[in-house]
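As a plain string of letters, each chain reads:
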Amino acid sequence: MIFLMPIIQLLILPMAADYEIKNINISIVDHDHSSYSRELTHKIISSGYFVLNDYGQDYQSAFKNFEKDQSDIILEIPHDFEKNIGKLSASSLLVSTNAINGVKAGVGSAYLMQIISNYNQKIRQKWLHYNGQEIKEGMHVESRFWYNKYMKYTFFMVPGILGILVTMVGVYMCSLNIVKEKEIGTIEQINVTPIKKQYFILGKLIPFWLIGIFVFSVGLFVVARGIYGIIPIGSYFPLYAFLAIYLVAALGIGLLISTYSSTQQQSMSLTFFLMMIFILMSGLFTPIESMPEWAQFITKLNPVTYFIDVMRRVILKGSTIHELQFDFIVVSIMAAFFNIWAVLNYKKTN
Amino acid sequence: MEKKIVIKVENLVKAFGDFIAVDNISFEVYQGEIFGFLGANGAGKTTAMRMLCGLSTPTSGDAQIAGYDIYTNTEDIKKNIGYMSQKFSLYEDLTVKENIRFFAGVYGLDIKTIKRKSEELINTLGLNAEANKLVGSLPLGWKQKLAFSVAIIHEPKVVFLDEPTGGVDPVTRRQFWDMIYAASDKNITVFVTTHYMDEAEYCHRVSMMVDGKIEALDTPQGLKDTYHAQSMDQVFYQLARAATRSAD
Amino acid sequence: MRQLLAYIKKEFYHVFRDSKTLILLFGMPIVQILLFGFALTNEIKNSELIICDYSNNKTSEKLIEKFRANNNFLLKEVIYDDHDYNQIFRESKVKLIITLPENFEGDLIHQGKSTVLLTADASDPNTSNTLVVYATNILYDFQKEMSNNVILIPYTIDTSIRMMYNPELKGAYNFVPGVMSLVLLLVCVLMTSVSIVREKELGTMEILLVSPTNPLIIIISKAIPYFLLSIVNLTVILLLSTYLLDMPINGSLFLLYLASSILILTALALGLLISNVTNSQEAAMLISLMGMLMPTILFTGFMFPIENMPLPLQIVSNIVPSRWYFIIVKDVVIKGLGFASIWKEMLVLMGMAIFLLALSLKKFKTRLE
């Protein structure tokens, strides 16, 4: 169970968590029916970003589809679009975007704007050409996308999700197992033996630490590499070195939770609550730079942030230990901090 | 005076697949009787008891509780029995009073009766000072006495007790049995399973279950005579040694 | 009736005596609303940018000023000579590097053409794509401004954009309905399943089943407290989002509560079903939390667009009740639509509730075998 669940999640999650903005549904209301309006429509459809939901003259029916979420954007081409375009006064288009999902709206309308202005550029040049004026090509923008040639969203998500899963396995297992011993009463048994607390804790942590490394390796080699075809650009050494330290920190958190809870139910709820905050505030799904400053501060205290960041940088960009030294230092401090806190608290409660 | 039969069991069988937990048992229990239902761990006592309470359907055989059939009249049976299980059966996070009121409410007593009964009960048990404390904070012996009182709060015809005195000290056990006698005096039939052989001596009649069958059924004195034993302990040893099922 | 009251009273005692769970119950939605409302946004803001300016003159400076003023980007540094871009990307959080060629000004003004190179860190393809679009638009705008100074040209298409329903592009409009679906579903499923299984574990369930109570009463009494608590929870979320996040409720409140009641009912039935198939609190928790959380987050559609998923997953998403509820909440709260537009979703939820209730009642065993 504890092994299977993370692997299955790693298989399904990245497929589902595809936030790439594509297939934006568009309704085009064409009041003009001119060669220009048709040409523009054609350009929009052939761009690949948009899927034509409906094309007609009736704004009301387009709006109905819009309300039902069948289309995300309505482009309204006014009457006399073609006629006005040749005049000095500008010809205008109206774009309505469903902005409940702000990102999709922002990106979608930006794409649309780009297509329209490209088209604008083209017809303007044509016009200038007819008038015998000098053709100015204007600025040419060339873009290069690095580190993810095929622009696959899974390449971005898999390393991050793997990081979350390893954390979950570590924290849950560690906290639940120790609390279970408390509940059953076996911990009393151990407390009456001459074993020192430190050794007992160490004995608990080492197996979980090994399991964490095992789960990570399966995820990295079998799932990421075997199924998604993600081969780390960087070397394995920084990945595993970081994992080794990070797991100590994650297990320390689990240990800490176990010292604060007396039943499995409590430790489950507490872990769940913490994990939720860890996941949301780690930059896994939403960019950290966009957060307000207080929230960015929280992400800096969150060990998961560093793990995901390191994973992505090593796997996708090939960063080396030297380039990651800051993350290494921070996580080492965290590992020491959580474990010392947990051990101190453990002594006090028993 | 002819004794009224309250529990009548005929050829009762319960099988879980190939395993026959209760193997063709028959017996009768009379009104106001304290009936000891003995046997080693895994002999099938609890399974038999659960069938009689309507918690589990028999594979075959017949039984009647207070005149009601266990196949067709389970709802009527439930109104006429009380049950106290092996596991502690009150809510630890409710107070003494809340527990009493809840169970009285479950059996549909009206508000006036509930009030009268709960005051009566708290007085008899001497729990006045603890009435508003959580049950979880009481010592085990008190909890068990309270659980028994709650199980007979609706004055049932039969009360089933499944190992009611496990883990309780001898003094409290003695008090517990006083309560059982008091209930028996009120004509409540008590059907009790136990592991303590001294408790078996307190029963009016005792049955011994071995490997799902009832091997012996008599008064404690009668059993001792039959098996030429000094005590119930020895009777138990003689019978249980023949068992082939291992204790769980 | 008297029995039912006794049961409901008892369930409320359970709930209020367990303060830790109660805090979690109400604390979780509040924390989530606050995080989603204030901290989390999918918008792209303050993305770190480096401009490599080989031309270093007035025109390029004007362009750099434009980027500095834009809050999608955070201009980290302007460099004037050769750097290893690879090194920059690997060491820092820079997402985009813009390279302006040596003769940027001259080429643009005299020859009317010039090539600008955008290099993006595409580890996150979505962000990089968006950043490139944003940057390109800024560049074109800049060009327009420059050329407007020279001659006025006809053939200009003016595009005006209306952001419907959410003019300020607030993340909350998307997340609040999502959190509502998530919290209502999870809390109800988790709480009902655990509270029933706990009675099984403690052995009190046997006592209840031996009593003359109709099993239906036991179930209803388990459901009612959590139903009421969920309604309170829902109200807290709505108050928070209205007064703290300024998200108005445009549609009918009655309709919203009606739909929520149906969702809660579905969730309670699901919890009941889980409690029927498990015997320990641990297992019930694992199934409700681990088994339900991820699919609910994924398939509700508030985190990730469902239409992007592979077809099998899209089909799977149809069986997640919160997915339908999410659509209803968006329609009612944000778009202000009426019953006519959401009856289909309501019907689906109703169907799920009835199916699950029937199934779990059938499975709820009067006789514990």
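Residues numbered from 1 in each chain as written. Chains lettered and ligands numbered in written order. Predicted model: local features only at pLDDT ≥ 70, side-chain atom pairs only at ≥ 80, totals over all residues.

### A few points about the overall build of chain C
Move 1: Broken down by element type, chain C carries 14 helices and 5 strands.
Move 2: Relative to the compact-globule value of 21 Å for 369 residues, chain C shows a C-alpha radius of gyration of 28 Å, a clear excess of over 25%.
Move 3: Principal-axis analysis of the C-alpha atoms gives chain C an extent of 95 × 45 × 40 Å.
Move 4: Counting every position in chain C, which comprises 369 residues, the buried fraction comes to 44%.
Move 5: In chain C, once contacts between residues fewer than 6 apart in sequence are set aside, the share between residues at least 24 apart is 80%. (Helix = DSSP H or I, 4+ residues; strand = E, 2+ residues; numbered from the N terminus. Rg over C-alpha atoms; globule rule 2.2 N^0.38 Å. Buried ≥ 20, exposed ≤ 12 C-beta atoms within 10 Å, placed from the backbone. Contact = placed C-beta atoms within 7 Å.)

### A word on the overall build of chain B
Move 1: Check the secondary structure of chain B and you find 9 helices and 10 strands.
Move 2: Relative to the 2.2 N^0.38 estimate, which gives 18 Å for 248 residues, the radius of gyration of chain B is 18 Å and therefore close to what a compact globule would have.
Move 3: Dimensions of chain B along its principal axes, counting C-alpha atoms only, are 50 × 40 × 40 Å.
Move 4: Scored against the burial criterion, the 248 residues of chain B give a buried share of 44%.
Move 5: Sequence-distant contacts, at least 24 apart, represent 69% of the contacts inside chain B between residues at least 6 apart.

### Focus on the domain arrangement of chain C
Move 1: Structurally, chain C comprises domain 1 (2–39), domain 2 (47–164) and domain 3 (172–363).
Move 2: Taking the mean C-alpha position of each, domain 2 of chain C and domain 3 of chain C sit 48 Å from one another. (Domains from an automatic or database assignment.)

### Notes on the sheet that holds strand β7 (residues 158–162) of chain B
Residue and element names in this part refer to chain B.
Move 1: Across the sheet, which stays open at both edges, the 6 strands sit in the order β6-β7-β8-β3-β9-β10 with mixed pairing between neighbours. In this open sheet, the two edge strands, each paired with only one partner strand, are β6 (81–84) and β10 (213–218). Here the strands of the sheet are splayed against their neighbours by 15 degrees on average, with no regard to which way each runs.
Move 2: As judged from the 5 bridges shared by β7 and strand β8 (residues 189–193), these two strands associate in the parallel manner. Within β8, the position partnered with V159 by the bridge is V190.
Move 3: Together, β6 and β7 form the strand contacts of helix α5 (residues 140–151), whose direction differs from that of β6 by roughly 160 degrees.
Move 4: Sheet strands in contact with helix α9 (residues 232–241) are β3 (34–39), β9 (205–210) and β10, and its direction is about 25 degrees off that of β9. (Pairing = 2+ DSSP bridges. Axes fitted to C-alpha atoms, helices over the stretch in contact; angles between N-to-C directions.)

### Remarks on the arrangement of the chains
Move 1: For the 2 pairs of chains in contact, the maximum contact count is reached by chains A and C.
Move 2: There is a clear gap between chain A and chain B: no contact, and 15 Å between their nearest C-alpha atoms.

### Here's the deal with the confidence of the model for chain C
Residue and element names in this part refer to chain C.
Move 1: Residues with a pLDDT of 70 or more make up 91% of chain C, whose mean pLDDT is 80.
Move 2: When the elements of chain C are averaged for pLDDT, strand β5 (residues 157–164) gives the smallest value, 68, and strand β1 (residues 47–53) the largest, 89.
Move 3: Reported for the predicted complex are a pTM of 0.75 and an ipTM of 0.76. (pLDDT = per-residue confidence, 0-100.)

### Things to note about the environment of A122(C)
Move 1: With respect to the element layout, A122(C) can be found in the loop between β4 (113–121) and α6 (125–148).
Move 2: On a C-alpha basis, the gap between A122(C) and K95(C) in space is 7.9 Å, while along the polypeptide they are 27 residues apart.

### Some remarks on the interface of chain B and chain C
Move 1: With 22 residues of chain B at the contact, the number on the chain C side is 22 residues.
Move 2: For the side of chain B that touches chain C, the secondary structure elements donating two or more residues are α2 (74–80), β6 and α3 (96–106) of chain B.
Move 3: The element that contributes the greatest number of residues to the side of chain B that touches chain C is α3(B), accounting for 4 residues.
Move 4: Its residues assigned to classes, the side of chain B that touches chain C shows 9 nonpolar, 7 polar and 6 charged. (Nonpolar A, V, L, I, M, F, W, Y, C, P; charged D, E, K, R; others polar.)

### Some thoughts on the sheet that holds strand β1 (residues 5–16) of chain B
All names here are of chain B.
Move 1: If you walk across this open sheet you meet the 4 strands as β2-β1-β4-β5, and the pairing is antiparallel. One side of each edge strand has no neighbouring strand; the edge strands of this open sheet are β2 (19–30) and β5 (68–69).
Move 2: Across 2 bridges, the pairing between strand β4 (residues 60–65) and β5 is antiparallel. Considered in β5, the bridge of I65 is made with Y68.
Move 3: Each of β1, β2 and β4 touches helix α1 (residues 45–53); the most contacted strand, β1, lies at about 120 degrees to it.

### Topic: the packing of helix α6 (residues 153–184) of chain A against helix α8 (residues 197–227) of chain A
Residue and element names in this part refer to chain A.
Move 1: Viewed as axis vectors pointing N to C, α6 and α8 meet at an angle of 155 degrees, and their least axial separation amounts to 10 Å. One way to sum up the angle between α6 and α8 is to call them roughly antiparallel. For the crossing formed where α6 meets α8, the hand is right-handed. Across the interface between the two elements, V158, L162, L165, V166, V169, G170, M173, C174 and I178 of α6 pack against K204, F208, I211, G212, V215, F216, G219, L220 and A224 of α8. (Parallel < 35°, antiparallel > 145°, perpendicular 65-115°, else oblique. Left-handed = near helix turned anticlockwise from the far one by under 90°.)

### Section: the pairing of β8(B)
All names here are of chain B.
Move 1: Here β8 lies mainly inside the structure; 5 of its 5 residues are buried.
Move 2: Burial of β8 is two-sided: the residues T189, F191 and T193 facing one way and the residues V190 and V192 facing the other way are all buried.
Move 3: For β3 and β8, the ladder comprises 4 bridges, and the chain directions are parallel. Paired with G36 across the strands is V192, a residue of β8.
Move 4: Taken together, β7, helix α6 (residues 170–185) and β8 constitute a β-α-β crossover, and its handedness is right-handed. (Right-handed = clockwise from strand over helix to strand, strands pointing away.)

### A short note on the pairing of β1(B)
Residue and element names in this part refer to chain B.
Move 1: Examined bridge by bridge, β1 and β2 share 8 bridges and lie antiparallel to one another. Paired with K14 across the strands is V22, a residue of β2.
Move 2: The turn linking β1 back onto β2 is made up of 2 residues, and G17 within it adopts a positive phi angle of 65 degrees.
Move 3: As paired strands, β1 and β4 are joined by 5 bridges and run antiparallel to one another. Bridge pairing in β4 places V9 opposite A63.

### A look at the packing of helix α10 (residues 264–280) of chain A against helix α2 (residues 19–39) of chain C
Move 1: Contact geometry for α10(A) and α2(C): axes closest at 11 Å, N-to-C directions at 5 degrees. The orientation of α10(A) with respect to α2(C), classified from their angle, is roughly parallel. Contacts between α10(A) and α2(C) involve Q266(A), S269(A), F273(A) and L280(A) from the first element and K20(C), T21(C), L24(C), M28(C) and L35(C) from the second.
Move 2: Split into classes, the residues belonging to the contact of α10(A) with α2(C) amount to 5 nonpolar, 3 polar and 1 charged.

### Some remarks on helix α1 (residues 2–17) of chain C
Move 1: Over its 16 residues, α1(C) extends 23 Å from the first C-alpha to the last, a length consistent with the 22 Å expected when each residue adds 1.5 Å.
Move 2: Turning to α1(C), its buried residues number three or more, namely A6(C), Y7(C) and K10(C). Mapping the buried residues of α1(C) onto a view down its axis gives an arc of 95 degrees, with all of them on the same face. Residues of α1(C) that are exposed and point more than 90 degrees away from the buried face comprise L5(C) and F16(C).
Move 3: Looking at the packing, one finds that the buried side of α1(C) touches α3 of chain B together with α9 (215–243) of chain C. (Expected span 1.5 Å × (residues − 1). Arc of directions from axis to C-beta.)

### Concerning α6(A)
Move 1: Compared with the 46 Å implied by 1.5 Å per residue over 32 residues, the 46 Å span of α6(A) between its first and last C-alpha is a close match.
Move 2: Taking burial as the measure, the 32 residues of α6(A) include 27 buried ones, the bulk of the element.

### Focus on unusual backbone geometry
Residues and elements named next belong to chain B.
Move 1: The phi torsion at E163 lies on the positive side, around 45 degrees, for a residue other than glycine.
Move 2: Secondary-structure assignment places E163 in the loop between β7 and α6.
Move 3: E163 gets classed as partly exposed once you count the C-beta atoms within 10 Å, which come to 17.
Move 4: Even without being glycine, D211 reaches a positive phi, approximately 50 degrees.
Move 5: As for its position among the elements, D211 is in the loop between β9 and β10.

### Things to note about the environment of E98(B)
Move 1: Structurally, E98(B) is set in helix α3.
Move 2: On a C-alpha basis, the gap between E98(B) and V135(B) in space is 9.4 Å, while along the polypeptide they are 37 residues apart.

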